[in-house]
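Close look at the chain arrangement
Below are the chains, spelled out letter by letter.
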Amino acid sequence: MRNPFLACAAVVLTAAALAACGSSADGNDPEAAGAQRPAASGPPAPGPSATTATEPATPPTEEPAPTGPSAPAATAEGPKTPADEITPATGTFTKKQKEYLKDRVPKGMDPAAVLQTGQETCDKLRYLVKADRDTAVGAIVTGEIPDAKDAVAGLCTQHQALVDEAAYGYPDGKHTGKKLRPGGYRSASPSTDCSWQIEGAGGKELASGTSDTGKSRKITIPDSARTFTSTGCYAWLPEGAQG
């Protein structure tokens, strides 16, 4: 299920229109470091609790401006451009940008287009955090922002806590075996048709529940759980650093 906040943030952000990866106060903005931003040559997760959290936050009034199609995926297969040959058509790359582009630019592709993809990921996270932090983490958990880990590590490290928390979350679906981690979890931006079930050995139901309010719910996955299934809840995030 696609989250409504993400539908706004998914509007493509051009590298020239928005500042890369967060505010300059984080020290990660290439322009703040004195570098000219390169331009792309192409187009651009015993028993559930009834406790509820607050209503989902209202998205901020500031929305990314729509542009053209997204830049090509930075993970394309095939031979990559050697690091010493990665140069933009115009402007210059910062040291951090060069490190991000290493082993990431397919032969024959404009490196600025690859960089733009990572910068757009950082911009989406920045926008979602302003709207609702849990939604931002949930978007990483569900894979709606698939390249978040690499982009954050290389271009917007101020969002690393989001990636770290997402590593312990669950998207909608069926989770079994070693993938289950006991602990408390809360749903992030659930729909009005959210349901969940926790089963133990032999398929014995340990807990289950539904929610039609669209509000966050809390559950506990016990040590005896063998299967956790979620539908329409978008994502479940750990209560505490690691659930």
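A brief look at the structure comes next. (Residues numbered from 1 in each chain as written. Predicted model: local features only at pLDDT ≥ 70, side-chain atom pairs only at ≥ 80, totals over all residues. Heavy atoms only, no water.)

1. As for the state of the cysteines
Applying the stated criterion to the full structure yields two disulfides. Here C122 pairs with C156 through a disulfide, and the sulfurs are 2.1 Å apart. Handedness here is read from the sign of the S-S torsion; for C122 and C156, about -80 degrees, the answer is left-handed. Here C156 lies in the loop between α5 (148-154) and α6 (160-166) and C122 lies in helix α3 (residues 111-131), a separation of 34 residues in the sequence. The two residues C122 and C156 agree in class, both being buried. Between the sulfur of C194 and that of C233 lies a disulfide, 1.9 Å long from S to S. Between C194 and C233, the S-S dihedral sits near 95 degrees, and the bridge is therefore right-handed. One end of the pair, C194, is in strand β4 (residues 194-199); the other, C233, is in strand β7 (residues 227-238), and 39 residues separate them in sequence. The exposure class assigned to C233 is buried, which follows from its relative accessible area of 0%. Assigning the bonded cysteines of the protein consecutive numbers by sequence position, one obtains the connectivity 1-2, 3-4. (Disulfide = S-S within 2.5 Å. Helix = DSSP H or I, 4+ residues; strand = E, 2+ residues; numbered from the N terminus. Buried < 20%, exposed > 50% of the residue type's maximum accessible area, 1.4 Å probe, protein only.)

2. Some thoughts on α3
Because each turn of an α-helix spans 3.6 residues, side chains separated by three or four positions in sequence point in the same direction. In this model, α3 (21 residues) spans 31 Å end to end at C-alpha, consistent with the 30 Å of a helix rising 1.5 Å per residue. In terms of burial, α3 is a largely internal element, 18 of the 21 residues being buried. The opening residue of α3, the one whose side-chain oxygen lies 3.0 Å from the backbone nitrogen of A112, is D110. (Expected span 1.5 Å × (residues − 1). Polar contact = N/O pair within 3.5 Å; in protein donor to acceptor, adjacent residues only side chain to side chain.)

3. A word on the environment of P88
Note on placement: P88 falls in the loop between β1 (49-52) and α2 (95-101). Note on P88: relative accessible area 16%, which makes it buried. Counting along the chain gives 27 residues from P88 to L115, while the straight-line C-alpha distance between them is 9.9 Å.

4. What about the environment of A136?
Within the secondary structure, A136 sits in helix α4 (residues 133-142). Along the backbone, A136 and S189 are 53 residues apart, and their C-alpha atoms lie at a distance of 9.9 Å. When neighbours within four sequence positions are excluded, A136 is seen to be in contact with L125, L128, V129 and L162. (Contact = heavy atoms within 4.5 Å.)

Keep in mind these numbers describe shape, not what the thing actually does.
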